[in-house]
2 protein chains.
Amino acid sequence: MSNKRAGVIKALAHPSRLLIAESLMNGELCVCDLKDLVGADMSTVSKHLTLMREAGVLNCEKRGLNIYYTLACDCLGEFLRCVDKLATGGTKTKRCC
Amino acid sequence: MSNKRAGVIKALAHPSRLLIAESLMNGELCVCDLKDLVGADMSTVSKHLTLMREAGVLNCEKRGLNIYYTLACDCLGEFLRCVDKLATGGTKTKRCC
DNA sequence: ACATTAATTGGTCATTTAGCCAAATAGTTT
DNA sequence: AAACTATTTGGCTAAATGACCAATTAATGT
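An account of the accompanying structure is given in this report. (Residues numbered from 1 in each chain as written. Chains lettered and ligands numbered in written order. Predicted model: local features only at pLDDT ≥ 70, side-chain atom pairs only at ≥ 80, totals over all residues. Heavy atoms only, no water.)

### A word on the protein's contact with DNA strand D
Now for step 1: Taken together, 24 residues lie around DNA strand D, and Cys32, Ser46, Lys47 and Tyr69 of chain A together with His48 of chain B are the ones closest in.
Now for step 2: Take the atoms of DNA strand D that sit within 4 Å of the protein: sugar and phosphate atoms are 66% of them.
Now for step 3: Contact between DNA strand D and aspartate 41 of chain B: a phosphate oxygen at 3.2 Å from a main-chain N or O atom of the residue.
Now for step 4: Side-chain polar atom of threonine 44 of chain B to a phosphate oxygen of DNA strand D: 3.2 Å apart, as the coordinates give it.
Now for step 5: Elements with a contribution of two residues or more to the surface near DNA strand D: helix 3 (31-38), helix 4 (42-55) and strand 3 (66-71) of chain A together with helix 4 (42-55) of chain B. (Near = heavy atom within 4 Å. Polar contact = N/O pair within 3.5 Å; in protein donor to acceptor, adjacent residues only side chain to side chain. Helix = DSSP H or I, 4+ residues; strand = E, 2+ residues; numbered from the N terminus.)

### Focus on the interface of chain B and chain A
Now for step 1: With 44 residues of chain B in contact, the opposing surface of chain A contributes 44 residues.
Now for step 2: In total, about 4200 Å² of surface goes out of reach between chain B and chain A, with carbon and sulfur atoms giving 62% of it.
Now for step 3: Counting across the chain B and chain A interface gives six salt bridges.
Now for step 4: Connecting chain B to chain A are eight residue pairs in polar contact (both at pLDDT 80 or more).
Now for step 5: A per-class count over the side of chain B that touches chain A returns 22 nonpolar, six polar and 16 charged. (Contact = heavy atoms within 4.5 Å. Buried area = accessible area lost by both parts, 1.4 Å probe. Salt bridge = Lys/Arg side-chain N within 4 Å of Asp/Glu carboxyl O. Nonpolar A, V, L, I, M, F, W, Y, C, P; charged D, E, K, R; others polar.)

### Quick word on the pattern of salt bridges
Note that side chains of opposite charge can pair when their charged atoms are close.
Residue and element names in this part refer to chain A.
Now for step 1: For the structure on display, the rule yields 12 salt bridges over all chains.
Now for step 2: Here arginine 63 and glutamate 28 are joined by a salt bridge, their closest N and O atoms 2.6 Å apart. Residue arginine 63 is found in strand 2 (residues 58-63), and its partner glutamate 28 is found in the loop between helix 2 (15-24) and strand 1 (29-30); the two are separated by 35 residues along the sequence.
Now for step 3: A relative accessible area of 36% means that arginine 63 is categorised as partly exposed.
Now for step 4: Looking at glutamate 28, the relative accessible area reads 34%, which means it is partly exposed. (Buried < 20%, exposed > 50% of the residue type's maximum accessible area, 1.4 Å probe, protein only.)

### Focus on helix 5 (residues 76-87) of chain B
Now for step 1: For helix 5 of chain B, spanning 12 residues, the distance from its first C-alpha to its last is 16 Å, which sits close to the expected 16 Å at 1.5 Å a residue.
Now for step 2: Within the sequence span of helix 5 of chain B, burial applies to Leu76, Glu78, Phe79, Leu80, Cys82, Val83, Leu86 and Ala87 of chain B. (Expected span 1.5 Å × (residues − 1).)

As structure tokens, then:
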């Protein structure tokens, strides 16, 4: 269904969550790493991570005291390639009417 | 900046907007076509379209009484390929703690 | 000029989202 | 078992979002 798809996209449609996803392209990170990276309250980051996990974008694994998050799919690069093309595509903000 | 990127993603992170984007992969459509497709008030659809255009995802062109919208980039297929992989990727909703 | 059609804009309202803080949970170390 | 560290959960509030309706703008046809 299109709702699950939209949920996946929504899970990446936030500056902090996008930053998290990009950082995880280089390998797993635990919540406190991501908290430092994002610069928000740990509880806020944790909620972002839960959202992303529930959407199917992230997986997690607990080892010791830490919980390590990873990307659920290695296709994020191609996803971002398209996003960047759109984001940098000229000043298309022109209206036509 | 990461905010522009997130804006692009956000422009696709809604079931109606995703449907609009997918429909436009087959070529331009005017607002009333899209209104029928989405099944919402025309003003609602118009606002979705404005949002998508301002994010850089769509372009528009007025001809006669109609305004035709098109995708700003043909990369949407590869974008969706990744989204679908994530959206259908097993029951990864498992938690780890 | 007037009516008609396509689309956008402004207003309002209910819902969702994002952030912080405080409290709870779970594993570790002593 | 008590203190410590990492993470999640619950509660709250402010801001953003999405939907509809009514009013406006713009192009066309009469």
